[in-house]
Amino acid sequence: MFFSKLLIPTLKEIPADTDIISAKLMIRSGMVRKLASGLYEFLPLGTRVLKKIENILRQEMNIVGGQEIMLPLISPKELWEETGRWNIYGKELFRFKDRKNTEFCLTPTAEEPVTDLIRKEIKSYKQLPLMLYQFRTKFRDEIRPRFGVMRSKEFLMKDAYSFHTNEADLEKYYNIMINAYKNIFIKCGFKFRVVEATSGAIGGSFSHEFMILADNGEEEIVWCSCGYGANVEKAETLMIEQVKEKKISLEELFTPNISAVKDVAKFLKLLPSKFIKTMVYMADNVPVVVLVRGDHEVNEIKLQSILTANEIFIANEQTVVSITKAPVGFVGPLRLKNVKVIADLSVVEIPNAVTGANKKDYHIKNVNYGRDYKADIVADVRKVIRGDICPRCKKEDLKFSRGIEIGHVFKLGTKYSKSMSATYIDSKGTKNLIVMGCYGIGITRMLAAAIEQFHDDDGIIWPLCIAPFEVLIIPVNYFDAKIKETTDKICKELLFEGVDVLIDDRDERTGIKFKDADLIGIPYRIAIGEKNLSNGCVELKARNDCKGGGKLLRVEDVVSKILKLLK
Ligand code: ATP
Ligand code: MG
């Protein structure tokens, strides 16, 4: 392939409206262009990388017995109503009507259509287990599309769905898929972690995310050398023991206009960990009171799951006053009536705690669980914080890192087969629900994450397996007969060996060609100039060898050297 013929519109300047390095480099290297917010055009270089990623995924999915399919991108409303997700997905779902006024959505994920296919085609246990996968565009009306193709309105996903006769079989296959995903990311050389995650709108009992480690990643994870890892949204916390104290009697304290825990703590010369923070939430329109320690925060995802609520939000001032008879800032768990109270594991351990007195401008001290207040549920309902100990090994402090979620796998169980009646007949003739798993990798996001992890000041440094080309030949002057002859010969031999080669045949200064070479990041570069060629040599340089200069090689040796390197 010739550079001059390909649409690779590289840019010297940094594009103005891009927010992270991968987005800048994708535009500068001519891989993509932006059509509108969250919508990108993939040009030849970008498309080649997507296809390479697709091929790696296809290989791994086939190894674990997957069968490639293609489901429609348009999905009728009725399917999504069967599972309730027509409502649950809210504004993120792109909806439209056809000319007959029938309602549809653009698929944000494909559990509904695939379960519909399965309920029609699978009858017997003899047809199970089964794994189907596809490479299809997904559509999500993201509230804030950003970070280039990382969070876009339309993106390419590899989504896979597995179907089993029982939970144990799903469990086994779920682990096989986790290993297949690990193989893919190891192949690409990624620094990544597999972490326990929450299931969001997809649901199911258990899920893991695959996080590429990146300082500017949107996600925060915790991990421990014992092997535990979790998204902070999901990370479990343990009860924090406190030094035992003798229970003393309650005492009201005048705290005029001082309401925030840290201010009251300062005023009373106490640590925030001595406080009970009392929050009022609405869970599916019913008020609930949540108690966490003064130095902790409520984890709303945990709260939602404890209450099995569809929707959770902080109650307004009016609700708070009607329940506690006090304004926000002075509420506490004492004398609450007709409201469910959820206390965090660590809150009930605070001896002689301080909290709001349910009276304007007053706090109350020496509050003790059991004697002065009770909770309907005591559970892990807070966010993990620095200094928290690993909930698995209970030995080390958890470590915090940032990451980019590029894959997510879910044990769905019977969530979809139940609501959509997808059943099979077992060997005894009994009808059972099909047990399901689903497994997604964001291909466009994986591409961007690769650039986040592999770049330097000059441009992208592609891992070999997903590079748009493997070798770039730069003839200093392609119009010189001898240089052209050598360039063509090396190129032909490499192509014969199945190597992806690009020739920079442009009539440009060598400096510009080298700069573009660094920017687009092809792993190996062969420079062919008059002087070296007169000695029978060309120069070979690896893009990831940032400091090293090129190596001179005899013309006749360069192809075998490249083939060795590519192995
Ligand atoms: P996020 O929390 O980042 O919104 P998600 O949990 O909604 O992701 P899943 O529904 O699990 O994502 O989708 C599977 C994969 O699809 C994700 O791991 C990610 O790689 C990719 N993905 C999700 N949303 C987007 C998006 N808006 N743009 C690009 N890729 C996306
Ligand atoms: Mg999302």
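Residues numbered from 1 in each chain as written. Chains lettered and ligands numbered in written order. Predicted model: local features only at pLDDT ≥ 70, side-chain atom pairs only at ≥ 80, totals over all residues. Heavy atoms only, no water.

Enquirer: How would you summarise the side chain of Ser22 if you had to cite specific residues and measurements?
Expert: For Ser22, the location among the structural elements is in helix α1 (residues 21-28). Looking at Ser22, its side chain comes within polar contact range of the side chain of Glu452, at 2.7 Å. (Helix = DSSP H or I, 4+ residues; strand = E, 2+ residues; numbered from the N terminus. Polar contact = N/O pair within 3.5 Å; in protein donor to acceptor, adjacent residues only side chain to side chain.)

Enquirer: Which residues make up the nonpolar core, and what values do they have?
Expert: In terms of nonpolar packing, the biggest core is built from 68 residues, with Met31, Tyr181, Phe185, Phe190 and Trp462 touching the most fellow members. Here this core takes 9 residues from helix α6 (residues 167-187), the largest share from any one element. Each of domain 1 (44-69 + 107-235 + 400-451) and domain 3 (469-566) accounts for three or more of the residues forming this core. Apart from residues lying up to four places away in sequence, Phe185 is in contact with Phe190, Phe192, Phe210, Ile406, Ile441 and Met446. Ranked by size, the runner-up nonpolar core spans 27 residues in total, among them Trp80, Ala110, Ile118 and Phe410. (Core = buried A, V, L, I, M, F, W, Y, C linked by side-chain atoms within 4.5 Å. Buried < 20%, exposed > 50% of the residue type's maximum accessible area, 1.4 Å probe, protein only. Domains from an automatic or database assignment. Contact = heavy atoms within 4.5 Å.)

Enquirer: Lay out the environment of Gly370 with the relevant residues and their values.
Expert: Summarising the element assignment, Gly370 is placed in the loop between β19 (362-367) and β20 (377-379). With a relative accessible area of 34%, Gly370 lands in the partly exposed category. For the pair Gly370 and Cys105, spaced 265 residues apart in the sequence, the C-alpha separation amounts to 52 Å.

Enquirer: Break down the site of ligand 1 for me, citing the residues and quoting the values.
Expert: As a structural note, the neighbourhood of ligand 1 is formed by 17 residues, with Arg140, Glu142, Arg151, Ser152 and Glu405 the closest of them. The contact in question runs from a nitrogen atom of ligand 1 to an N or O atom on the side chain of Glu142, over 2.7 Å. Arg151 places a polar side-chain atom, nitrogen or oxygen, 2.7 Å from an oxygen atom of ligand 1. For ligand 1, the accessible surface in isolation is 590 Å², of which the surrounding protein chains cover 88%. Going through the elements one at a time, β8 (154-164) and β21 (399-413) are the ones with two or more residues in the shell around ligand 1. (Near = heavy atom within 4 Å. Areas by Shrake-Rupley, 256 points an atom, 1.4 Å probe, with all protein chains shown as cover.)

Enquirer: Please give an account of helix α9 (residues 317-324) that cites residues and values.
Expert: Every buried residue of α9 is accounted for by Thr319, Val320, Ile323 and Thr324. For α9, the arc enclosing every buried residue in end-on projection is 105°, short of the 170-degree limit, so these residues lie on one face. Of the residues trailing α9, Lys325 is marked for its positive phi of about 65°. (Arc of directions from axis to C-beta.)

Enquirer: Pulling in residues and values, what's your account of the sheet that holds β19?
Expert: Across the sheet, 3 strands lie side by side as β13-β19-β18; this open sheet has antiparallel pairing. The open sheet has two edge strands with one neighbour each: β13 (251-254) and β18 (353-356). Taken pair by pair, the neighbouring strands of this sheet meet at an average axis angle of 30°, ignoring direction. Bridge count between β13 and β19: 4 bridges; the pairing is antiparallel. By the bridge assignment for β19, Glu252 is matched with Ile364. (Pairing = 2+ DSSP bridges. Axes fitted to C-alpha atoms, helices over the stretch in contact; angles between N-to-C directions.)

Enquirer: Describe the sheet that holds strand β14 (residues 276-283), and please don't skip the residues or the numbers.
Expert: Sheet architecture is open: 5 strands sit in the order β16-β14-β15-β17-β20, paired in mixed fashion. Unpaired on one side and paired on the other, β16 (312-314) and β20 mark the two borders of the sheet. Strand after strand, the sheet turns through a mean of 30° between neighbouring axes, direction not considered. Where strand β17 (residues 340-344) and β20 come together, 3 bridges link them in parallel fashion. Within β20, the position partnered with Asp344 by the bridge is Ala379. Running at roughly 125° to β16, helix α8 (residues 300-307) makes contact with β14, β15 (286-293), β16, β17 and β20 of the sheet.

Enquirer: So what about the packing of helix α12 (residues 481-496) against helix α15 (residues 558-566)? Which residues, and what values?
Expert: Orientation of α12 relative to α15, taken along the N-to-C sense of each, is 40°, at an axis distance of 10 Å. The way α12 lies across α15 gives a crossing that is right-handed. Contacts between α12 and α15 involve Ile490, Glu493 and Leu494 from the first element and Val558, Val559 and Ile562 from the second. Residues that form the contact of α12 with α15 fall into these classes: 5 nonpolar, no polar and 1 charged. (Left-handed = near helix turned anticlockwise from the far one by under 90°. Nonpolar A, V, L, I, M, F, W, Y, C, P; charged D, E, K, R; others polar.)

Enquirer: Mind laying out the environment of Thr83, listing which residues take part and the relevant values?
Expert: With respect to the helices, strands and loops of the structure, Thr83 is situated in helix α3 (residues 77-83). Looking at Thr83, the relative accessible area reads 15%, which means it is buried. In the structure, Thr83 is positioned 334 residues away from Ser417 in sequence and 9.4 Å away in space, judged by C-alpha atoms. What Thr83 contacts, discounting residues up to four positions off in sequence, is Glu112, Tyr416, Ser419 and Met420. Within the structure, Thr83 has its side chain in polar contact with the backbone oxygen of Trp80 (distance 3.3 Å).

Enquirer: I'd like a rundown of the packing of aromatic side chains, residues and numbers included.
Expert: Here the structure, examined in full by the defined rule, presents 13 aromatic pairs. Both rings, one in Tyr133 and one in Phe135, keep their centres 5.9 Å apart while their planes meet at 85°; by these two values the pair is edge-to-face. A centroid spacing of 5.7 Å and a plane angle of 55° characterise the contact between Phe185 and Phe210, whose relative ring orientation is tilted. Placement of Phe185 in helix α6 and of Phe210 in strand β10 (residues 206-213) is noted, with a sequence separation of 25 residues between them. (Phe/Tyr/Trp six-rings, centres within 6.5 Å; stacked < 30°, edge-to-face > 60°.)

Enquirer: Explain the environment of Arg543 residue by residue, including any values.
Expert: For Arg543, the location among the structural elements is in the loop between β30 (537-542) and β31 (551-554). Given a relative accessible area of 6%, Arg543 falls into the buried group. Separated by 49 residues in the primary sequence, Arg543 and Leu494 have C-alpha atoms spaced 18 Å apart. Separated by 3.0 Å, the side chain of Arg543 and the backbone oxygen of Asp518 make a polar contact.

Enquirer: Any details on the packing of helix α2 (residues 44-63) against helix α11 (residues 443-453)? Residues and values, ideally.
Expert: Orientation of α2 relative to α11, taken along the N-to-C sense of each, is 110°, at an axis distance of 10 Å. Considering the angle they form, α2 stands roughly perpendicular to α11. Facing α2, whose interface residues are Gly46, Val49, Leu50, Ile53, Glu54 and Leu57, α11 presents Ile443, Thr444, Met446 and Leu447. (Parallel < 35°, antiparallel > 145°, perpendicular 65-115°, else oblique.)

Enquirer: Go over the domain arrangement of the protein chain, please, and point to the residues and values.
Expert: Partitioning the protein chain into domains gives domain 1 (44-69 + 107-235 + 400-451), domain 2 (251-379) and domain 3 (469-566). Computed over C-alpha atoms only, the centres of domain 1 and domain 3 are separated by 40 Å.

Enquirer: Describe in detail the side chain of Thr198, supporting the description with residues and values.
Expert: Inspection of the secondary structure assignment puts Thr198 in the loop between β9 (192-197) and β10. Side-chain polar atoms of Thr198 contact the side chain of Glu233, separated by 3.0 Å. If near-sequence neighbours (up to four positions away) are discounted, Thr198 is found in contact with Ser207, Glu233, Lys234, Ile301 and His408.

Enquirer: Break down unusual backbone geometry for me, with residues and values.
Expert: Here the bond from Leu128 into Pro129 is cis, since omega is 0°, no more than 30 degrees from zero. Turning to its location among the elements, Pro129 is positioned in the loop between α5 (111-121) and β7 (130-139). Of note, the phi angle at Asn358 is positive, near 55°, even though the residue is not glycine. Positioned with a positive phi, Lys394 is a non-glycine residue whose angle comes to about 55°. Along the chain, Lys394 falls in the loop between β20 and β21. Exposure remark for Lys394: the relative accessible area of 52% places this residue in the exposed category.

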